[in-house]
Number of protein chains: 2
Amino acid sequence: MSKSIFYHAGCPVCISAEHDVIDLIGHSKVQIIHLGNDKSRIDEAMKAGVKSVPALVTPNGNVLHINFGASMEEVIG
Amino acid sequence: MSKSIFYHAGCPVCISAEHDVIDLIGHSKVQIIHLGNDKSRIDEAMKAGVKSVPALVTPNGNVLHINFGASMEEVIG
């Protein structure tokens, strides 16, 4: 089964949304990527269409930007 | 089981997000409210903290604003 990918950057808005997404979708169905700790994944996230975090990329490639924690420019730093 | 509530207003961004949310969470676990067709629910949505649509209110009361379709001011019209 294809998983969703939840990209975040450790901000309070991100952590809150992460808990909600895991509760709603289920831990086994979503991969969590912390872009602040794993900057090598930023390029992949931007190519997927992620413009801000937190964001959820669905198995079919749609990007759901959830609330607003930080822009990708802020994540790149 | 307590359901999530997905508020939308029929805009293209809303419909796309609705499909994604149903795919991710499951149709039986989310109630869909179209605020454009059911304006009597706007007050309830705003009290829940919905500032724009589409938005998902989780069973524990958190509001996840997903992408951006329209502000509540635009929905009220």
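Below or above, wherever it landed, is the structure these notes cover. For every chain, the first residue of its written sequence is number 1, and the numbers climb from 1 along that sequence. Lettering for chains starts from A, numbering for ligands starts from 1, and both go in the order in which the items are written. Residues qualify for local features only when their pLDDT is at least 70, as the model is predicted, and side-chain atom pairs are given and counted only at 80 or more; totals for whole chains, interfaces and linings, by contrast, use all residues. No hydrogens and no water enter the side-chain calculation; it runs on all heavy atoms of the structure.

**Looking at the overall build of chain A**
Right, on to step 1. Labels follow the DSSP assignment, with helices taken as runs of H or I lasting at least four residues and strands as runs of E lasting at least two, numbered in each case from the N terminus. Counting its secondary structure elements, chain A contains 3 helices and 4 strands.
Right, on to step 2. Taken from N to C terminus, the helices and strands of chain A fall in the order β-α-β-α-β-β-α.
Right, on to step 3. Here chain A has a C-alpha radius of gyration of 11 Å; the compact-globule value for 77 residues is 11 Å, and the two agree.
Right, on to step 4. Principal axes of the C-alpha set define a box for chain A whose edges measure 35 × 25 × 20 Å.
Right, on to step 5. Throughout this description, buried means an accessible area under 20% of the type-specific maximum (1.4 Å probe, protein chains only), exposed means over 50%, and partly exposed covers the range between. Sorting the 77 residues of chain A into buried and exposed places 45% on the buried side.
Right, on to step 6. A 1.4 Å probe and the Shrake-Rupley method give the accessible areas. Residues count as covered only by the protein chains that appear here. Of the roughly 3,800 Å² that chain A leaves accessible, carbon and sulfur atoms contribute 54%.
Right, on to step 7. The positive count covers Lys and Arg only, the negative count covers Asp and Glu only, and His and the chain ends enter neither. To locate a charge, the coordinates of NZ of Lys, CZ of Arg, CG of Asp or CD of Glu are taken. Taken together, the 6 basic and 8 acidic charged side chains of chain A have centroids lying 7 Å from each other. What the globule rule says is 2.2 Å times the number of residues to the power 0.38, and the radius of gyration is computed from C-alpha atoms.

**Side note on the state of the cysteines**
Residues and elements named next belong to chain A.
Right, on to step 1. Cysteine sulfurs are considered disulfide-paired once they come within 2.5 Å of each other. Summed over the entire model, instances satisfying the criterion amount to 2 disulfides over all chains.
Right, on to step 2. Covalent S-S linkage joins C11 and C14, the inter-sulfur distance amounting to 2.5 Å. Because the sign of the S-S torsion sets the handedness, a value of about 65 degrees for the bond joining C11 and C14 places this disulfide among the right-handed ones.
Right, on to step 3. Among the residues examined, C11 registers a relative accessible area of 16% and is labelled buried.

**Regarding the relation of the copies chain A and chain B**
Right, on to step 1. Least-squares fitting of chain A to chain B yields an RMSD of 0.0 Å, with the superposition described by an axial translation of 0.0 Å and a rotation of 180 degrees. As the rotation angle and translation indicate, the two copies are arranged about a two-fold axis. Identified as the residue of chain A closest to the rotation axis by C-alpha distance is I66 of chain A, at 2.3 Å.
Right, on to step 2. Any two residues having at least one pair of non-hydrogen atoms within 4.5 Å are treated as being in contact. Here 100% of the interface residues in chain A have copies in chain B that are interface residues too; the copies meet face to matching face. Residues below a pLDDT of 70 in either copy are left out; the C-alpha atoms of the rest, at least 70 in both, set the least-squares superposition of the copies.

**Describing the interface of chain A and chain B**
Right, on to step 1. If you look at the interface, chain A gives 17 residues, while chain B gives 17 residues.
Right, on to step 2. Each reported salt bridge corresponds to a side-chain nitrogen of Lys or Arg within 4 Å of a carboxyl oxygen of Asp or Glu. The interface formed by chain A and chain B contains 0 salt bridges.
Right, on to step 3. In protein, a polar contact means a hydrogen-donor-capable atom and an acceptor-capable atom, both N or O and within 3.5 Å, with residues adjacent in sequence counting only if both atoms are side-chain atoms; elsewhere, any N or O pair within 3.5 Å suffices. At the junction of chain A with chain B, the criterion picks out 6 residue pairs in polar contact (both at pLDDT 80 or more).
Right, on to step 4. Elements that contribute at least two residues to the side of chain A that touches chain B include exactly α1 (12-25) and β4 (63-71) of chain A.
Right, on to step 5. Counting residues per element, the side of chain A that touches chain B draws most heavily on α1 of chain A, which supplies 6 residues.
Right, on to step 6. Under this grouping Gly is polar, as are all residues other than the nonpolar Ala, Val, Leu, Ile, Met, Phe, Trp, Tyr, Cys and Pro and the charged Asp, Glu, Lys and Arg. Looking at side-chain class alone, the side of chain A that touches chain B contains 8 nonpolar, 7 polar and 2 charged residues.

**Here we look at the pairing of strand β3 (residues 52-57) of chain B**
Residues and elements named next belong to chain B.
Right, on to step 1. Burial analysis of β3 places 6 of its 6 residues in the buried class, which makes it a mostly covered element.
Right, on to step 2. At least two DSSP bridges between two strands are needed for those strands to be called paired. Direction of pairing for strand β1 (residues 4-8) relative to β3: antiparallel, over a ladder of 3 bridges. Bridge assignment links F6 to a residue of β3, and that residue is L56.
Right, on to step 3. Relative to strand β4 (residues 63-71), β3 runs antiparallel, the two being bridged by 5 bridges. Across the sheet, V57 pairs through a bridge with V63, a residue of β4.
Right, on to step 4. Here β3 folds back onto β4 in antiparallel fashion, the turn holding 5 residues, of which G61 has a positive phi close to 95 degrees.

The quantities given are spatial measurements derived from coordinates; they are silent on function.
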